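The primary structure of each chain is shown beneath.
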Amino acid sequence: MITLNSSPKSNPGIYGLLGHNIGYSRSPAIHNHVFREFGINAIYGLFDMPPERFHTAVPALVDYATGFNVTVPYKEKIIPFLDGLSPEAKTSGSVNHVFNRLGYNTDYLALRDLVSNMISDYSGKECIIFGAGGAARTVAFLLGNAGLNLRIVNRTIERAEQLEADLDKAGIRAETVLQPSEIKNDILKTDCAVNCISAAEFQFPRIIADLAIDFNYGARAGNFRNRIETSSLFVTGEQILIKQAIYSQKIWNEIEPSFDDLMGVLNVE
């Protein structure tokens, strides 16, 4: 329980992660570690909000919280409640970070950093993205603007087609693909494969790719990592999580925690 004192200066900063069914999240461990290391009077928790309460409760959260991150299923739904968007959030139509009523996309910034040295080599090559939610929007706009040819594989056609339409408006070519038998059962060869599906039970085909990106970490990565063969590069959800957490702290508190230190918090080898 958080008890607020009468003096605002003595109250802790209130941060957290907005989402639903997010008990798996390692964000509290990461950010509370940062607060301790930097001597910041703050606490980071989970704002686990069921969809039926979202529209009534989120305005209070925007006003009350010092700052917060956003995950599924609210990365797009949060936007109407904010006063403005950073260039990355506006480009992707997805927000995973809120501060001073403004929305940011630190996932975009994190992935950009992680692939910046290699992505020019993939211009004109094929990238298959599994999923069509907020994370998929982030990677689609980033890689699409870098010149990759996108194919979007999703379990429902409507959301994938909406993403395709939004990409088309931005001048990015994309093709929507349902999960046909050749995707589900056969070997899939591509230049780049990205997992943005958080459902652990989703069954991926065997995938051969030069570059692989997994936006999920831990059990939520499902069988993607077991099904992919990459001869070159693999960007993990753990790396993206830590990079975006560092960007979050830069925006919130103007500090820059150590990447290696925070990876240690996750106990990732």
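What counts, and at which threshold
- Residues numbered from 1 in each chain as written.
- Predicted model: local features only at pLDDT ≥ 70, side-chain atom pairs only at ≥ 80, totals over all residues.
- Heavy atoms only, no water.
- Helix = DSSP H or I, 4+ residues; strand = E, 2+ residues; numbered from the N terminus.
- Rg over C-alpha atoms; globule rule 2.2 N^0.38 Å.
- Buried < 20%, exposed > 50% of the residue type's maximum accessible area, 1.4 Å probe, protein only.
- Contact = heavy atoms within 4.5 Å.
- Areas by Shrake-Rupley, 256 points an atom, 1.4 Å probe, with all protein chains shown as cover.
- Lys, Arg positive; Asp, Glu negative; His and termini not counted.
- Charge placed at Lys NZ, Arg CZ, Asp CG, Glu CD.
- Expected span 1.5 Å × (residues − 1).
- Bend = angle between axes of the 7 residues up to and from the residue.

Enquirer: For this particular structure, what's the right way to read the overall build of the protein chain?
Expert: Summing up its helical and strand segments, the protein chain has 10 helices and 12 strands in all. Taken over the C-alpha trace, the protein chain has a radius of gyration of 19 Å; the compact-globule value for 269 residues is 18 Å, and the two agree within 12%. By its C-alpha atoms, the protein chain is 65 × 40 × 35 Å across when sized along the principal axes. When burial is assessed residue by residue, the protein chain has 52% of its 269 residues classed as buried. Counted over contacts in the protein chain with a minimum sequence separation of 6, partners at least 24 positions apart contribute 56%. Accessible surface, the protein chain as shown: approximately 12,500 Å² in total, 48% of it carbon and sulfur. The average position of the 24 basic charges and that of the 30 acidic charges among the side chains of the protein chain differ by 2 Å.

Enquirer: Even after reading the chapter, I still don't get helix H1 (residues 27-38), so can you show me in this structure?
Expert: Along an α-helix, residues three or four positions apart point the same way, because every turn accommodates 3.6 residues. In this model H1 runs 17 Å from its N-terminal to its C-terminal C-alpha over 12 residues, within 8% of the 16 Å that 1.5 Å per residue would give. Restricting attention to buried positions, one finds in H1 the residues Ser 27, Pro 28, Ile 30, His 31, Asn 32, His 33, Val 34 and Phe 35. Phi turns positive one or two residues past the end of H1, at Gly 39, with a value near 65°.

Enquirer: What exactly am I supposed to notice about unusual backbone geometry here?
Expert: Here the residue pair Val 72 and Pro 73 is connected by a cis peptide bond, since its omega of 5° sits within 30 degrees of zero. For Pro 73, the position within the fold is in the loop between strand E3 (67-70) and strand E4 (84-85). At Asn 21, a position not held by glycine, the phi torsion is positive, near 55°. In this structure, Asn 21 sits in the loop between strand E1 (13-19) and H1. On the basis of relative accessibility, which here comes to 54%, the residue Asn 21 falls in the exposed class. Its identity as a non-glycine residue notwithstanding, Arg 101 has a phi of 65°, on the positive side. With respect to the helices and strands, Arg 101 occurs in the loop between strand E5 (97-99) and strand E6 (102-104).

Enquirer: Please explain helix H2 (residues 51-64) as it appears in this structure.
Expert: With 14 residues, H2 extends 19 Å from end C-alpha to end C-alpha; this agrees with the ideal 20 Å at 1.5 Å per step. At Ala 57, H2 shows its maximal kink, close to 50°; a proline, Pro 59, follows between one and four residues later. As for H2, its buried residues are in contact with E1, strand E2 (42-48) and E3.

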